[in-house]
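# Structural overview
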Amino acid sequence: MKDPKKQYASLLLKWNQKSNKRIMPWKGEKDPYLIWLSEIILQQTRVEQGMPYFLNFKKNYPTVAKLALAKEDEVMKLWQGLGYYSRARNLHETAKNIQANYKGRFPETFIELKKLKGVGDYTASAIASFAFGEKKAVVDGNVIRVLARVFGIETAFDTTTGKKQFATLAEELIDEKEPGNYNQAIMDFGATVCTPKNPDCNNCPFNSFCIGFTKNRIDELPVRGKKIEIKERYFNYLVIKSSSQILIQKRTASDIWKNLYQLPVLETSKPLTKNFHADIAAFLGNKQFVITSYSKATVQMLTHRKIHFRFIDIEMKDFKKFSFKGTQKIKISDLNKFAFPKTIHLYLNEKFLF
Ligand code: SF4
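Residues numbered from 1 in each chain as written. Predicted model: local features only at pLDDT ≥ 70, side-chain atom pairs only at ≥ 80, totals over all residues. Heavy atoms only, no water.

## Some points on the layout of surface pockets
Over the atoms, a rolled probe matching the size of one water molecule traces out where space is still vacant. Taken as a whole, the second largest pocket encloses approximately 210 Å³ of empty space. Along the wall of the second largest pocket there are 13 residues; nearest its centre are Gly-28, Lys-30, Gly-180, Asn-181 and Gln-184. Going through the elements one at a time, helix H8 (121-132) and helix H11 (179-192) are the ones with two or more residues in the lining of the second largest pocket. Counting residues per element, the lining of the second largest pocket draws most heavily on H11, at four residues. Class assignment of the residues belonging to the lining of the second largest pocket gives a composition of two nonpolar, seven polar and four charged. (1 Å grid on protein atoms, 1.4 Å probe; cavity = no way out; pocket = protein on both sides within 12 Å on 5 of 7 lines; lining within 4 Å. Points joined across faces, edges and corners; volume = space filled by probe spheres on them. Helix = DSSP H or I, 4+ residues; strand = E, 2+ residues; numbered from the N terminus. Nonpolar A, V, L, I, M, F, W, Y, C, P; charged D, E, K, R; others polar.)

## A look at the packing of helix H9 (residues 141-151) against helix H10 (residues 160-173)
Remark: H9 packs on H10, axes separated minimally by 11 Å, with the N-to-C direction vectors making an angle of 85°. Considering the angle they form, H9 stands roughly perpendicular to H10. Here Ile-144, Leu-147, Ala-148 and Phe-151 of H9 come into contact with H10, specifically with Phe-166, Leu-169, Ala-170 and Leu-173. Residue classes in the contact of H9 with H10 are distributed as eight nonpolar, no polar and no charged. (Axes fitted to C-alpha atoms, helices over the stretch in contact; angles between N-to-C directions. Parallel < 35°, antiparallel > 145°, perpendicular 65-115°, else oblique. Contact = heavy atoms within 4.5 Å.)

## Remarks on the pairing of strand E6 (residues 298-301)
When E6 meets strand E7 (residues 305-316), the two strands line up antiparallel, connected through four bridges. Residue Val-299 lies in a different strand from E7, and its bridge partner there is His-308. Joining the antiparallel neighbours E6 and E7 is a turn of three residues. (Pairing = 2+ DSSP bridges.)

## As for empty space enclosed by the protein
Overall, the coordinates contain two cavities of 30 Å³ or more when judged by the stated rule. Its boundaries defined by the atoms lining it, the largest cavity holds a volume of some 100 Å³. Forming the boundary of the largest cavity are 14 residues, of which Cys-194, Pro-199, Cys-201, Cys-204 and Cys-210 lie nearest the centre. Counted by class, the lining of the largest cavity contains eleven nonpolar, one polar and two charged residues. Together, Trp-26, Gly-28, Glu-29, Ile-35, Ser-38, Glu-39, Phe-130 and Gln-184 line the second largest cavity. The leading source of residues in the lining of the second largest cavity is helix H2 (residues 32-42), at three residues. When grouped by side-chain class, the residues that make up the lining of the second largest cavity number three nonpolar, three polar and two charged.

## As for unusual backbone geometry
A cis amide bond links Leu-221 to the next residue, Pro-222, at an omega of 0°. Positionally, Pro-222 belongs in the loop between helix H12 (211-214) and strand E1 (231-240). Notably, Asn-198 is not glycine yet its phi reads approximately 45°, a positive angle. Of note, Asn-198 is situated in the loop between H11 and H12. A relative accessible area of 72% means that Asn-198 is categorised as exposed. With a phi close to 60°, Trp-257 is a non-glycine residue in the positive phi region. Within the fold, Trp-257 resides in the loop between strand E2 (245-250) and strand E3 (261-262). (Buried < 20%, exposed > 50% of the residue type's maximum accessible area, 1.4 Å probe, protein only.)

## Looking at the nonpolar core
In this structure, Tyr-8, Trp-36, Leu-147, Phe-206 and Ile-246 are the most contacted members of the largest nonpolar core, which totals 98 residues. Looking at which element gives the most residues to this core, the answer is H2, with eight residues. Taken domain by domain, the makeup of this core includes at least three residues from each of domain 1 (4-220) and domain 2 (231-352). Ignoring sequence-local partners within four residues, the contact set of Phe-206 consists of Tyr-8, Leu-11, Leu-12, Val-150 and Phe-189. Listed in part, the 16 residues of the second largest apolar core include Leu-272, Phe-276, Ile-314 and Phe-319. (Core = buried A, V, L, I, M, F, W, Y, C linked by side-chain atoms within 4.5 Å. Domains from an automatic or database assignment.)

## A look at the packing of aromatic side chains
Following the criterion strictly, the structure yields 23 aromatic pairs and no others. Between the aromatic rings of Tyr-237 and Phe-311, the centroid separation amounts to 5.5 Å while the plane-to-plane angle is 25°, which identifies the pairing as stacked. Separated by 74 residues along the polypeptide, Tyr-237 in strand E1 and Phe-311 in strand E7 bring together distant segments of the chain. When its relative accessible area of 0% is taken as the criterion, Tyr-237 is described as buried. Accessibility expressed as a relative area gives 3% for Phe-311, which makes it buried. Each residue in the set Tyr-8, Trp-15, Phe-151, Tyr-182, Phe-189, Phe-206 and Phe-209 is aromatic and connected to the rest through ring pairs, giving one cluster. Seen from the ring of Phe-110, Lys-136 lies directly overhead, with NZ or CZ sitting 4.3 Å from the centre. Sitting over the ring of Phe-319, Lys-329 keeps its end group 4.7 Å from the ring centre. (Phe/Tyr/Trp six-rings, centres within 6.5 Å; stacked < 30°, edge-to-face > 60°. Lys NZ or Arg CZ within 6 Å of the ring centre and 35° of its normal.)

Next up, the structure:
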């Protein structure tokens, strides 16, 4: 049999031409700004979820110059609900950097692109190959899955050795003449044919030599090394308001949701006990207040964290005079002007119908 590595790229490109039906608004795009935008939005995000965000960003900021001029709060507001908010902050910062230091033009090589904040190997390869035809292979979860199965790679992909091995193989396989099409094809192939569960092996161009398929090892490949540790955090949000105003604060620490807004939060390492009035009193500096109600705990899973939320309604004895470090009083009717993490947004939206 012919060396599978030698057939691989041409089989993939043939599949791309004949059978790839994936339509996406950024496909075939040559503008590095729009490629960059789509790649940043799609990191750790499903295409269906990212699509409306891409279209909205493109509409509001059609050029890198427009994005550079935007206010950070506006960018965060547009990003609201997409998660991994450092991507939005880096996006904005990099747009400003490109305007200020690159005369508004994207660098044109992988090496130069990698110098931009928030642009790693994957995004730099995508921009360099799609926009400028540079032969740089993308390597993401989809690509790793396909390569591990087709070539039977047993090295754990999340180890230093594994990362190197997959990157080297990807560079070896990429098509010389059509690096952009090749990269797009393998991304689409991994997302639509060689899926994590129930891959469509019967209609796969590699099924005559794919190790995963021919040796019945699909479920074992790719191999993960490290177990992901999940940290649990308990966020007890205090809803402190009058009939027309509410207290909010900006998250400024280097932590999840930096630069988004939230309600004043008492974070604990365990669920609150029955005596949580005392905990809140200590947190608020023993001001006079009553707890009028509290929500059930809800849970949001993030990649490495499990966040437990609870919302506690507080009535301050003297709301007018009450102030609390790092917070601001805003009109309840202005809540929709601020970007909140998803769970807080949903809660406030339901409570105040904004
Ligand atoms: S034969 Fe199956 S497991 Fe192998 S590459 Fe094709 S879809 Fe993936």
